[in-house]
Amino acid sequence: MKTIQFREAVCEAMTEEMRRDENIFLMGEEVAEYNGAYKASKGMLDEFGPKRVLDTPIAELGFAGISVGAAMNGLRPIVEFMTFNFSMVAIDQIINNAAKMKQMSGGQINVPIVFRGPTASAGQLAATHSQAFESWYANCPGLKVVVPSNPYDCKGLLKSAIRDNDPVIFMESEQMYGDKGEVPEGEYLLPIGVADIKRKGTDVTIVSFGKIIKVAYEAADMLAKEGISCEIIDLRTVRPIDYDTVIESVKKTNRLVCLEEAWPLGSIATEITYKVQSEAFDYLDAPVKRITTTDTPAPYSPTLLEAFLPQVGQVIDAVKSVMYVK
Amino acid sequence: MAKKRITKATYLKWYEDMLFWRKFEDMAAALYIQQKIRGFLHLYNGQEAILAGSAYAMEEGDNMITAYRNHVQPMALGEDPRRIMAELMGKVTGTSRGKGGSMHMFSPEKGFWGGHGIVGGQIPLGAGLAFADQYLGRNNVTLTYMGDGAIRQGSWHETANLAMLWKLPVVFCVENNGYAMGTSVERTAGQTPIHKLGEGYDMPNRAVDGMDPIAVYDAVYEAAERARRGDGPTLLEIRTYRYKGHSMSDPQKYRTKEEVAEYQAKDPITLCLNKIKEKNWATEEEITSINQRVKDLVAECVKFAEESDFPDASELYQGIYAQEDYPFIKN
């Protein structure tokens with residue numbers, strides 16, 4: 001094993017795959033000469049040259065659409081959005097073209113493409129730069145949506161995403177790029193659509209994904225000191241969702257808390273809650289609790305941002321609430 | 001690629017093809033009124049010379065992509081018209097197995113990449129098809145069609161800029177039929193003519209008479225050669241006219257009957273037939289025989305489509321993901 005940063009996991013995954021297959025290219029703003037806005041493509045221009053690592057003008061609709069067309073005609077593009085906030089100006093190309101092409105053509109045309117970049121809040125960036133669109137993309141049939149939470153998962157899942165023959169939305173975080181973690185020295189892949197039990201526990205199931213899962217770890221550590229054992233499930237993929245892992249866990253713990261950095265309405269947390277009440281109703285000893293951001297645009301001021309984002313204390317309170325302890 | 005000669009055979013083919021496309025669309029309109037075709041239906045009547053001239057300029061491996069007025073384009077590239085009629089009727093034998101309908105025809109094996117319902121959404125896709133050809137070292141071009149309405153979308157600007165930056169082998173063809181649905185070109189921009197929109201990108205551009213297949217062929221050939229040489233894209237404003245409404249539900253109150261008649265006097269099929277007669281390239285019997293073949297083929301398309309099955313409900317989950325065992329949510 002070796003210890004690498006999250007950004008290095010992204011870079012290693014792309015680099016290894018581009019060595020395997022000459023039809024893979026990376027396109028986006030500042031990915032080449034600048035080595036990536038967050039240095040996730042450091043050194044790739046030097047290794048692969050400007051044909052395969054392409055800087056673009058600020059034109060997300062244009063380069064996303066051109067990449068979808070290239071994927072239709074034999075290539076395997078990786079498109080970097082500097083943040084998924086900027087994917088909003090390209091969303092027609094993602095939803096109407098990448099996601100629909102195979103079905104609309106009666107199954108004739110594959111679109112093997114990865115759209116990747118950071119999602120959700122990254123400090124005090126206010127409303128337009130702090131959004132989490134995981135549930136938006138997950139809502140759309142035709143896409144797959146992957147949201148890793150550590151370097152190991154990131155590398156293994158990104159390699160799978162690049163090899164996948166369907167369009168994959170791959171969501172990272174500015175605040176995770178510096179996170180360190182162990183990865184194997186050799187090649188490995190992780191399957192899309194399989195959740196990971198990050199911590200085994202017996203009293204409560206906490207379901208989360210992406211960067212915010214770290215809040216669950218912190219809450220679980222504090223709860224452990226009070227003798228409460230949390231099982232933490234990292235969905236890793238939010239389309240498709242590995243419901244079975246969640247339901248099996250709830251059948252064991254009988255209690256569920258969902259933690260998600262996104263607005264509450266139509267969230268992944270809501271979907272998990274529906275599925276659990278539908279398939280494990282008789283196993284539940286308490287109503288399901290969800291912790292999300294507030295139902296507001298993200299604010300700038302530190303006091304307001306703290307109130308907007310899910311906090312450790314909220315998770316602790318939710319766990320105690322479903323356990324009926326004070 | 002060498003320029004092709006326009007011969008007697010070319011004219012006879014153009015006449016038969018264009019007549020077939022016209023009659024096919026007329027039949028589609030009739031079937032729409034009978035409610036055998038549903039949804040939206042946008043007809044190509046009047047614009048046939050664009051397709052005849054363009055298809056003649058295409059080489060093996062070249063690509064074409066367009067918007068939702070797209071029934072006859074795949075036929076020009078070799079698709080079986082019976083499968084197009086079946087798609088219009090939502091049958092499993094259709095080009096998209098009944099999942100696309102009128103606005104979403106696809107024949108990628110013939111080089112036809114759709115068939116796109118969102119106005120302007122296909123413009124970057126066309127450049128992307130060309131990007132792949134350039135990347136893979138193929139000497140192919142992509143003809144990317146849009147209407148006079150679509151070029152007002154932002155997708156045009158971003159694609160035009162990138163296509164010029166990367167010298168992509170793409171020909172942008174604006175089929176300017178005068179109206180974006182019911183809004184005339186003059187009412188959509190302070191700037192006309194449309195081809196001048198290429199100037200801001202230093203993109204070669206020109207207007208083309210879209211009622212004359214030879215003019216279209218010459219312009220598309222020249223642009224395609226530029227693209228094949230590695231000199232990048234061209235913007236052609238091909239001026240045409242659609243005889244029918246925007247779709248079947250269009251009462252056409254935005255134009256006069258006289259205006260429609262003025263263009264019908266320049267009808268490409270009539271002009272083509274006049275030329276054939278003038279040059280004595282076919283006898284009356286031969287022309288009658290062509291007309292009969294067209295009529296028979298249209299009837300055969302309808303018969304095939306009507307006798308085909310609708311897709312089974314189990315088809316709903318097929319062909320959405322390349323992953324065959326994708327776990328759809330079934331509530």
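These remarks concern the structure in this document. (Residues numbered from 1 in each chain as written. Chains lettered and ligands numbered in written order. Predicted model: local features only at pLDDT ≥ 70, side-chain atom pairs only at ≥ 80, totals over all residues. Heavy atoms only, no water.)

Some remarks on the sheet that holds strand 7 (residues 168–172) of chain A
All names here are of chain A.
Part 1 of the argument: One open sheet holds the 7 strands; their spatial order is 3-2-4-5-7-6-12, and the pairing between them is mixed. Two strands lie at the open edges of the sheet, namely strand 3 (53–55) and strand 12 (237–239), each paired on one side alone. Across this sheet, the average inter-strand angle for adjacent strands is 20°, counted without regard to direction.
Part 2 of the argument: Strand direction decides the pairing type here: strand 4 (residues 76–80) and strand 5 (residues 114–118), joined by 3 bridges, are parallel. Each residue of the ladder has a partner; that of Glu80, found in strand 5, is Arg116. (Pairing = 2+ DSSP bridges. Helix = DSSP H or I, 4+ residues; strand = E, 2+ residues; numbered from the N terminus. Axes fitted to C-alpha atoms, helices over the stretch in contact; angles between N-to-C directions.)

As for the side chain of Asp153(A)
Residue and element names in this part refer to chain A.
Part 1 of the argument: Note that Asp153 resides in helix 7 (residues 151–163).
Part 2 of the argument: Overall, the relative accessible area of 1% leaves Asp153 in the buried class.
Part 3 of the argument: Asp153 has contacts with Pro148, Leu158, Leu190, Lys198, Asp234 and Arg236, leaving out every residue within four places of it along the chain. (Buried < 20%, exposed > 50% of the residue type's maximum accessible area, 1.4 Å probe, protein only. Contact = heavy atoms within 4.5 Å.)

Details of empty space enclosed by the protein
Residues and elements named next belong to chain A.
Part 1 of the argument: The tally for this structure, following the rule as stated, stands at 3 cavities of 30 Å³ or more.
Part 2 of the argument: Here the largest cavity defines a volume of roughly 100 Å³.
Part 3 of the argument: For the largest cavity, the lining is made up of 15 residues, of which Ala120, Glu134, Phe209, Gly210 and Lys211 are closest to its centre.
Part 4 of the argument: Residue composition of the lining of the largest cavity, by class: 7 nonpolar, 3 polar and 5 charged.
Part 5 of the argument: Taken domain by domain, the makeup of the lining of the largest cavity includes at least three residues from each of domain 1 (2–183) and domain 2 (196–323).
Part 6 of the argument: Its volume calculated, the second largest cavity comes out at about 50 Å³.
Part 7 of the argument: Together, Ala120, Ser121, Ser130, Gln131, Ala132, Glu261, Ala262, Trp263, Thr293 and Phe308 line the second largest cavity.
Part 8 of the argument: Here the lining of the second largest cavity gathers at least three residues from each of two domains, domain 1 (2–183) and domain 2 (196–323). (1 Å grid on protein atoms, 1.4 Å probe; cavity = no way out; pocket = protein on both sides within 12 Å on 5 of 7 lines; lining within 4 Å. Points joined across faces, edges and corners; volume = space filled by probe spheres on them. Nonpolar A, V, L, I, M, F, W, Y, C, P; charged D, E, K, R; others polar. Domains from an automatic or database assignment.)

Notes on the interface of chain A and chain B
Part 1 of the argument: Across the contact, 52 residues belong to chain A and 41 residues belong to chain B.
Part 2 of the argument: Considering only the side of chain A, the residues that lose the most area to chain B are Ile66(A), Asn73(A) and Met104(A), jointly responsible for 18% of the buried surface there.
Part 3 of the argument: Where chain A meets chain B, there are 0 salt bridges.
Part 4 of the argument: For the pair chain A and chain B, the interface holds 24 residue pairs in polar contact (both at pLDDT 80 or more).
Part 5 of the argument: For the side of chain A that touches chain B, the secondary-structure elements that each account for two or more residues are strand 2 (24–28), strand 3, helix 3 (60–72), helix 4 (91–98), helix 5 (101–104) and helix 10 (268–279) of chain A.
Part 6 of the argument: When residues in the side of chain A that touches chain B are grouped by element, the largest group, 10 residues, is from helix 3 of chain A.
Part 7 of the argument: Grouping the amino acids of the side of chain A that touches chain B by side-chain chemistry returns 22 nonpolar, 17 polar and 13 charged. (Buried area = accessible area lost by both parts, 1.4 Å probe. Salt bridge = Lys/Arg side-chain N within 4 Å of Asp/Glu carboxyl O. Polar contact = N/O pair within 3.5 Å; in protein donor to acceptor, adjacent residues only side chain to side chain.)

Observations concerning the side chain of Glu315(B)
Part 1 of the argument: Position of Glu315(B) among the secondary structure elements: in the segment after helix 10 (284–307).
Part 2 of the argument: When neighbours within four sequence positions are excluded, Glu315(B) is seen to be in contact with Val92(B), Arg97(B) and Lys99(B).

Some remarks on the sheet that holds strand 3 (residues 170–176) of chain B
Residues and elements named next belong to chain B.
Part 1 of the argument: Strand order in the open sheet made by the 5 strands is 1-2-3-7-6, with parallel pairing throughout. Every interior strand has two partners, whereas the edge strands, strand 1 (63–65) and strand 6 (205–209), have only one. Taken pair by pair, the neighbouring strands of this sheet meet at an average axis angle of 20°, ignoring direction.
Part 2 of the argument: Here strand 6 pairs with strand 7 (residues 234–239) via 5 bridges, running parallel. Residue Arg206 lies in a different strand from strand 7, and its bridge partner there is Leu236.
Part 3 of the argument: The strands that helix 5 (residues 122–135) touches are strand 1, strand 2 (142–147) and strand 3; relative to strand 2, the one it contacts most, it runs at about 175°.
Part 4 of the argument: Strands in contact with helix 6 (residues 154–165) are strand 2, strand 3 and strand 7; relative to strand 3, the strand with the most contacts, it is inclined by about 150°.

Focus: unusual backbone geometry
Excluding glycine, most residues fall at negative phi; most peptide bonds, likewise, are trans.
Part 1 of the argument: For the bond from Gly114(B) to Gly115(B), the omega torsion is 15°, close enough to zero to count as cis.
Part 2 of the argument: Residue placement: Gly115(B) occurs in the loop between helix 4 (81–88) and helix 5.
Part 3 of the argument: Cis geometry is found at the peptide bond from Thr192(B) to Pro193(B), where omega equals 0°.
Part 4 of the argument: Mapped onto the secondary structure, Pro193(B) falls in the loop between strand 5 (183–184) and strand 6.
Part 5 of the argument: Of note in the backbone geometry, Asn35(A) takes a positive phi value of approximately 65° without being a glycine.
Part 6 of the argument: Looking at the element boundaries, Asn35(A) is found in the loop between strand 2 and helix 2 (44–48).
Part 7 of the argument: In this structure Asn35(A) comes out as partly exposed when scored by relative accessible area, which is 23%.
Part 8 of the argument: Non-glycine residue Gln35(B) carries a positive phi angle of around 65°.

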